[in-house]
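Descriptive analysis of the structure
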Amino acid sequence: MKINRFNQLNFNPYKQQLQKQTEMKKAAKRSDELQISKEALKLQEKDQPNNKRAEKVQEIKKQIENGEYKMNHEVTAQKMLDFWTK
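Notes on the structure follow. Since this is a predicted model, take the numbers as computed values, not measurements.

**What about helix 4 (residues 73-85)?**
Helix length check: helix 4, at 13 residues, gives a terminal C-alpha distance of 18 Å against a target of 18 Å (1.5 Å per residue), a fit within 8%. Of all 13 residues in helix 4, 0 are buried; the element is thus mostly exposed. Structurally, the start of helix 4 carries an N-cap: the backbone nitrogen of E74 is 3.3 Å from a side-chain oxygen of N72.

**Observations concerning helix 3 (residues 51-66)**
Side chains that are three or four residues apart share a direction in an α-helix, a result of its 3.6 residues per turn. In this model, helix 3 (16 residues) spans 23 Å end to end at C-alpha, consistent with the 22 Å of a helix rising 1.5 Å per residue. Little of helix 3 sits out of view: just 0 of its 16 residues are buried.

**As for the environment of Y69**
Mapped onto the secondary structure, Y69 falls in the loop between helix 3 and helix 4. Along the backbone, Y69 and E59 are 10 residues apart, and their C-alpha atoms lie at a distance of 9.7 Å. Each residue touching Y69, except ones within four places of it in the same chain, is listed here: I60, Q63 and I64.

**Some words on a nonpolar patch on the surface**
Taken together, the side chains of L34, I36 and L41 present a nonpolar region at the surface, about 310 Å² in accessible area. Counting through the fold element by element, L34 comes out in the loop between helix 1 (15-29) and helix 2 (38-47). Among the residues examined, L34 registers a relative accessible area of 74% and is labelled exposed.

Criteria and cut-off values
Residues numbered from 1 in each chain as written. Predicted model: local features only at pLDDT ≥ 70, side-chain atom pairs only at ≥ 80, totals over all residues. Heavy atoms only, no water. Helix = DSSP H or I, 4+ residues; strand = E, 2+ residues; numbered from the N terminus. Expected span 1.5 Å × (residues − 1). Buried < 20%, exposed > 50% of the residue type's maximum accessible area, 1.4 Å probe, protein only. Polar contact = N/O pair within 3.5 Å; in protein donor to acceptor, adjacent residues only side chain to side chain. Contact = heavy atoms within 4.5 Å. Patch = residues over 30% accessible without salt bridge, like charges linked within 9 Å, V, L, I, M, F, W, Y side chains within 5 Å. Areas by Shrake-Rupley, 256 points an atom, 1.4 Å probe, with all protein chains shown as cover. Salt bridge = Lys/Arg side-chain N within 4 Å of Asp/Glu carboxyl O.

Right under this line is the structure:
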């Protein structure tokens, strides 16, 4: 003789486990996202060199390539000292 409990006909002990697996699969499909704030975008724009600075750098590079660039060691040393002492 077989005894069944009341409302036990549709009982699936693995139902919660199957639901967790489907949730994990959905979560795995999501890709990573990156959001940059407006302030961070402004800071990135500030990091880009301006035209005057870029022209000066190109001029110095040309002088170095041609062997015409002369460096003043005393001024460079003074600027380094000023930077590290401030």
